[in-house]
Amino acid sequence: MMSESNQPRKDAPSAIVLSGQTLATDALRAPLRGPIRVSLTESVQASIEASRATVEGLLASGAAIYGVNTGFGKLAGVSVSAIDLAQLQVNLVRSHAAGVGDPLDGDVVRLVMLLKLASLARGASGVRLLVAETLAGLLEHDVLPVIPSQGSVGASGDLAPLAHMSLVLIGEGEAIVEGERMSGAAALAAVGLEPLQLEAKEGLALLNGTQVSTALALQALFQGEQTLGAALVAGALSIDAVKGSDVPFDARIHALRPHPGQVAVAAAIRRLMAGSEIRLSHLDCDHVQDPYSFRCQPQVLGAALDLMLNVERTLLIEANSVSDNPLVFSPDGGGPGEVLSGGNFHAEPVAFAADILALSLSEIGAISERRLSAMVDPALSELPAFLAKEPGLQSGYMIAQVTAAALASENKQMTHPASVDSLPTSANQEDHVSMATHAAFRLGRMNANLRRIVAIELMAAAEGIDLRRPLKSSEPLERAHAAIRERVAPRDEDRVFSGDIESVADLIASGSFDVLGESLLAEARG
């Protein structure tokens, strides 16, 4: 059964122009939202052609070039005759297509293809312009190669998954076209594209690179930023539900510890709570301090936000980099140019970024679950036990909190850093690898867990607000309450929770809280 993101999309494709300039986050989000159309400027086309001319000139001179007229990895010392150079590239693609597991979502595949095309467009990979144009053709017609999700260790790049992408370019493998899974040859024929006949260097340029791990990490980052906005709404709504204080969010406190994320989160909570009748009703109470999960939200969610911004910086650099090997340097003036072997394919920056993002996602969920736990405890919330209308006869949110605890614990287990692991490959030629692809892939499940944790808190906080009637919360929090109530009715009696949780998680994923998340990011960036 296809995932939702592999279903046919009817939206007009977003237009992206590769000009040699940096791709911004808006362009990187576009493939995750739907089909894209990518064009290359004349200067980019000229750069690609110059790079190819350099490769052909060096081959004509008889120079030995790794992966072009030699074997790969441990077989780099084996020379390949000129007559076999094209077959070498085809063999490379076929032999490296060893991925297993469920296919990547179509949205991620689309982003992988954009990142690979952007890398080729830098003119350092030595491919013909036809290769870039064919890849752009797949994107224009939304032909999405079927890429298994497992099989990459993040060095030398994402070899196996990118091999599966490349199979479709040569009329092999499988692809999704308008929701239908078919052979690569049938997919090309369906949209009027000819299979590529790979030439020297081109298979290697397509397979080497960090595009899969980077695409997965970018998707996870964007989803995490989205859920952070929802978590802020949940946190502010929960404060009102338990009649908590807004004093801990006073700007003067955070000016004395001015981490950008902390300052931004405190300001957001102040805006969310401004004008709340519930807060005004207990200004003069003798309650002094709320539990940490309520009053330390700026310090925890703000730190998570700062981590996300650091991850964003790393991934933006990676998305705009050339990470294949060897790299082609065309001559500025005279001379034949050079082909240099390095290690830009090593995805350690992406692995670190993914591990750091995992910390952020885990902590957002951990503190959300703690607020939920406080709300269902009458000793802390002064609300009915488990938010039930008739505690004892009804269990209310008792097991919903257990579900949130289970999801939070699962995320904690998945937060163990993948980047500290390494297993040598290719007969010890590739003796240290990044595990970036796994590091990024597991973030998808973590984000799904996080959305459900925050969804349960939103539902419980809405229930708490209902129990404070006729008092109202602030105007923005009442809007959030209304959005929740459009999906989930008040829990006047026990009923099945699962569908309600998924419905509110979908509300988060649909972007209902995106404006808050985006303003947070902008404020933290300064």
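Summarised in this report is the structure supplied together with it.

**A few points about the packing of helix α4 (residues 106-120) against helix α5 (residues 129-140)**
Move 1: The contact between α4 and α5 brings their axes to 10 Å, and the two run at 155°. It follows that α4 is roughly antiparallel to α5 by the angle criterion. Seen along the crossing, α4 lies across α5 with a hand that is left-handed. Within the contact between the two elements, α4 uses Arg110, Met113, Leu114, Lys116, Leu117 and Leu120 and α5 uses Val131, Ala132, Leu135, Ala136, Leu138 and Leu139.
Move 2: Its residues assigned to classes, the contact of α4 with α5 comprises ten nonpolar, no polar and two charged.

**Looking at the environment of leucine 196**
Move 1: Here leucine 196 lies in the loop between α7 (184-191) and α8 (202-207).
Move 2: Take leucine 196: its relative accessible area is 4%, and that puts it in the buried class.
Move 3: Between the alpha carbons of leucine 196 and leucine 167 there is a distance of 9.7 Å; along the sequence they are 29 residues apart.
Move 4: Those residues in contact with leucine 196, other than ones at most four positions away along the chain, are Arg128, Leu130, Val131, Thr134, Leu169 and Ile170.

**Describing the nonpolar core**
Move 1: By size, the foremost hydrophobic cluster in this structure holds 157 residues, and its most contacted members are Ile16, Leu18, Leu138, Leu232, Leu305 and Leu458.
Move 2: It is helix α9 (residues 211-241) that provides the largest number of residues to this core, a total of 18 residues.
Move 3: Setting aside anything within four residues of it in sequence, one finds leucine 305 in contact with Leu228, Gly261, Ala264, Val265, Leu520, Leu521 and Ala524.
Move 4: Counting residues in each nonpolar core, the second largest holds seven residues, with Val55, Ile65, Leu85 and Ala200 among its members.

**Section: α9**
Move 1: Helix length check: α9, at 31 residues, gives a terminal C-alpha distance of 44 Å against a target of 45 Å (1.5 Å per residue), a fit within 8%.
Move 2: Burial analysis of α9 places 30 of its 31 residues in the buried class, the great majority of the element.

**Concerning the pairing of strand β6 (residues 174-177)**
Move 1: Two strands pair when backbone bridges link them, and strand β4 (residues 144-145) and β6 are joined in this way by two bridges, in the antiparallel orientation. Along β6, the bridge assignment pairs proline 145 with alanine 175.
Move 2: By the bridge criterion, four bridges tie β6 to strand β7 (residues 180-183) in an arrangement that is antiparallel. Paired with alanine 175 across the strands is methionine 182, a residue of β7.
Move 3: Hairpin remark: β6 followed by β7, antiparallel, with two residues in the connecting loop; positive phi at glutamate 178, about 50°.

**Here we look at the side chain of serine 149**
Move 1: Topologically, serine 149 is positioned in strand β5 (residues 148-150).
Move 2: A polar side-chain atom of serine 149 sits 2.7 Å from the main-chain carbonyl oxygen of aspartate 102.
Move 3: Once residues lying within four places of it in the same chain are set aside, the contact partners of serine 149 are Val100, Gly101, Asp102, Leu104 and Phe441.

**Let's talk about the pairing of strand β1 (residues 14-18)**
Move 1: Pairing between β1 and strand β2 (residues 36-40): five bridges, direction parallel. The partner of serine 14 across the bridge, within β2, is isoleucine 36.

**Looking at the environment of glutamate 194**
Move 1: Considering the arrangement of structural elements, one finds glutamate 194 in the loop between α7 and α8.
Move 2: Along the chain, glutamate 194 and histidine 254 lie 60 residues apart, while their C-alpha atoms are 60 Å from each other.
Move 3: Discounting chain neighbours no more than four positions away, the residues touching glutamate 194 are Thr134 and Leu188.

**Considering the pattern of salt bridges**
Move 1: If you walk through the whole model with that rule in mind, you get 27 salt bridges.
Move 2: One salt bridge connects arginine 252 with aspartate 250, and the closest N-O pair in it is separated by 2.8 Å.
Move 3: Between arginine 469 and glutamate 478 there is a salt bridge whose closest N-O contact spans 2.9 Å.
Move 4: Since its relative accessible area comes to 32%, arginine 469 is described here as partly exposed.
Move 5: Residue classification places glutamate 478 among the buried residues on the basis of a relative accessible area of 17%.
Move 6: Bridged by salt links that share partners, the residues Arg52, Glu56, Arg128, Glu199 and Glu202 form one connected network.

**Some remarks on the packing of aromatic side chains**
Move 1: Under the definition given, this model contains one aromatic pair.
Move 2: For the ring pair tyrosine 397 and phenylalanine 497, a centre distance of 4.9 Å and an interplane angle of 70° mean the geometry is edge-to-face. Taken together, the residues tyrosine 397 in the loop between α16 (378-381) and α17 (398-414) and phenylalanine 497 in the loop between α19 (475-487) and α20 (498-509) connect sequence positions 100 residues apart. With respect to burial, tyrosine 397 and phenylalanine 497 carry one shared label: buried.
Move 3: The lysine or arginine in question, arginine 29, covers the ring of phenylalanine 222, its NZ or CZ lying 4.1 Å from the ring centre.
Move 4: Sitting above the plane of the phenylalanine 497 ring, arginine 491 keeps its charged end 3.6 Å from the centroid.

Parameters at a glance
Residues numbered from 1 in each chain as written. Predicted model: local features only at pLDDT ≥ 70, side-chain atom pairs only at ≥ 80, totals over all residues. Heavy atoms only, no water. Axes fitted to C-alpha atoms, helices over the stretch in contact; angles between N-to-C directions. Helix = DSSP H or I, 4+ residues; strand = E, 2+ residues; numbered from the N terminus. Parallel < 35°, antiparallel > 145°, perpendicular 65-115°, else oblique. Left-handed = near helix turned anticlockwise from the far one by under 90°. Contact = heavy atoms within 4.5 Å. Nonpolar A, V, L, I, M, F, W, Y, C, P; charged D, E, K, R; others polar. Buried < 20%, exposed > 50% of the residue type's maximum accessible area, 1.4 Å probe, protein only. Core = buried A, V, L, I, M, F, W, Y, C linked by side-chain atoms within 4.5 Å. Expected span 1.5 Å × (residues − 1). Pairing = 2+ DSSP bridges. Polar contact = N/O pair within 3.5 Å; in protein donor to acceptor, adjacent residues only side chain to side chain. Salt bridge = Lys/Arg side-chain N within 4 Å of Asp/Glu carboxyl O. Phe/Tyr/Trp six-rings, centres within 6.5 Å; stacked < 30°, edge-to-face > 60°. Lys NZ or Arg CZ within 6 Å of the ring centre and 35° of its normal.

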